[in-house]
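# Overview (structure and organization)
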Amino acid sequence: MKKIRNDDSVPTPHQEPALARHILMFSRALRRAGLQIGPGQVIDALAAVRTVGLQRRDDFYQALCAVLVSDPSRFRLFQQAFQVYFQDPRLLERLMALQLPAVSAALPDATADTAIRRLPQAAPRPDTMRHKDTPAAGERPSSWSHREVLRHKDFEQMTLAERREAKDLLRDDIEALKDIATRRFRPCAYGHRYDLRRSMQTIMRNNGQLIQLMRKRRIERPPVLVLICDISGSMSHYSRVFMHFAHALSTRNQTVLTFVFGTRLTNISHRLRDRDVDRALSQITHDVRDWHGGTRIAECLERFNKDWGRRVLAQNAIVILLSDGLERDTKSNLEFQMMRLRRSCRQLIWLNPVLRYAAFEPKADGIRKMLPHVDLFLPAHNVSSLTGLGRVLGEGARRLLNHNERRIAL
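These figures come from a predicted structure and were not determined experimentally.

## A look at the packing of helix H3 (residues 57–68) against helix H4 (residues 75–85)
Interhelical geometry of H3 versus H4 gives an angle of 135° and a closest axis separation of 11 Å. By the criterion of interaxial angle, the relationship of H3 to H4 is oblique. Handedness of the H3/H4 crossing: right-handed. Facing Arg57, Phe60, Tyr61, Leu64, Cys65 and Leu68 of H3, the residues of H4 in contact are Phe75, Phe78, Gln79, Phe82 and Gln83. For the contact of H3 with H4, the class distribution of residues is eight nonpolar, two polar and one charged.

Shown next, in the form of structure tokens:
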């Protein structure tokens, strides 16, 4: 099932015959395996797929499972059949005909387990799967291996079509950022700390008798994110995709403030609140005049620290800086501005596409000045590195909070 490129993610008219044929073939294979599937269920399965669309594999799987499986004991068999069939549409049908001719709906659990195990074990080699009725490559349901390759492919090496697909993949796979623990507490019966103040108040209300110690736990909330993106010429392949990443975060009830800089600093937070990503990026392109130009990292960070630092970093925000660190002005105060930025925020994360090289060494003057003042130094050259940022933020915030607690205790 290749991803459909339209607004509502439903099958296009020229893909309806191929989709109906593959659902029919899959239903026949399930019926040979022992599931009771009639023509009405096949029609309902096609209608369910039209409703949920073909954009996500999980939605497609759940739509077919909800319609074609009525017995909960057959869920495992359906799961294995789905995985095998949509790797190669001819595999399961031939496997059922050759290896599982006697499977019926009344099989005991042990026999069903044996049938499930034999599905992947009896898979023939790819050269034996060619058949005159095999659908063409353009009509065959995808095994999603292309999506896995695309997740780890460098943005700079992608074609224009792959880059458009990667942007949609980034929007689908991005995880909601985990709530992080703040320094404030709230009462909780199962908290991990004792609340001495409320405990003393309870004692006073009970005439000095200690009945139960009160507990409290930390308040958790989504982190405030400040994204600062380098849009110079050397970052052109990455800044455009990062804009889609910022837009996806901004439309998920997440407090996100986004700035871009090349030779000047521009606040584009209000533009990214538009639900239409194409319209938002068109407005940003119109507002920002220094796309694909030079870069003045120190000057732009100084402008951010003076004009925006106190306003957007007052809530102990997390700053994510996307830049290659190639500052041309060797006499700039880049190190001081990075130090000032780090002291103003909760955590400073630097995403650098140059880290895609295994032999990377911080030899550039700008990188050497910036690197000592960041908490995390991470790559940002593919979809996988950006979608995993939510997990990294949660883990990094917990480590930072524990470090601060130990430092206060000492």
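Let's pick the thread back up.
## Thoughts on unusual backbone geometry
One non-glycine residue with positive phi stands out, namely Asn207, at about 60°. Here Asn207 lies in the loop between helix H9 (196–205) and strand S3 (215–221).

## Structural notes on the confidence of the model for the protein chain
The predicted coordinates ought not to be read in detail in places where the model reports low pLDDT. Overall, the prediction assigns the protein chain a mean pLDDT of 76, with 75% of residues at 70 or greater. Within the model, the stretch residues 95–112 combines pLDDT values under 50 with 27 contacts to residues more than four positions away or in other chains.

## Observations concerning the sheet that holds strand S5 (residues 256–261)
In spatial order, the strands read S6-S5-S4-S7-S8-S9; together these six strands make up an open sheet with mixed pairing. Every other strand in the sheet has two partners, leaving strand S6 (265–267) and strand S9 (376–378) as the edge strands with one partner each. Strand-to-strand twist of the sheet, defined as the mean angle between neighbouring strand axes without regard to direction, takes the value 20°. Inspection of the sheet shows strand S4 (residues 225–230) paired to S5 by six bridges, in the parallel sense. Residue pairing for S5: Val226 is matched across the bridge by Leu257.

Conventions and cut-offs
- Residues numbered from 1 in each chain as written.
- Predicted model: local features only at pLDDT ≥ 70, side-chain atom pairs only at ≥ 80, totals over all residues.
- Heavy atoms only, no water.
- Axes fitted to C-alpha atoms, helices over the stretch in contact; angles between N-to-C directions.
- Helix = DSSP H or I, 4+ residues; strand = E, 2+ residues; numbered from the N terminus.
- Parallel < 35°, antiparallel > 145°, perpendicular 65-115°, else oblique.
- Left-handed = near helix turned anticlockwise from the far one by under 90°.
- Contact = heavy atoms within 4.5 Å.
- Nonpolar A, V, L, I, M, F, W, Y, C, P; charged D, E, K, R; others polar.
- pLDDT = per-residue confidence, 0-100.
- Pairing = 2+ DSSP bridges.

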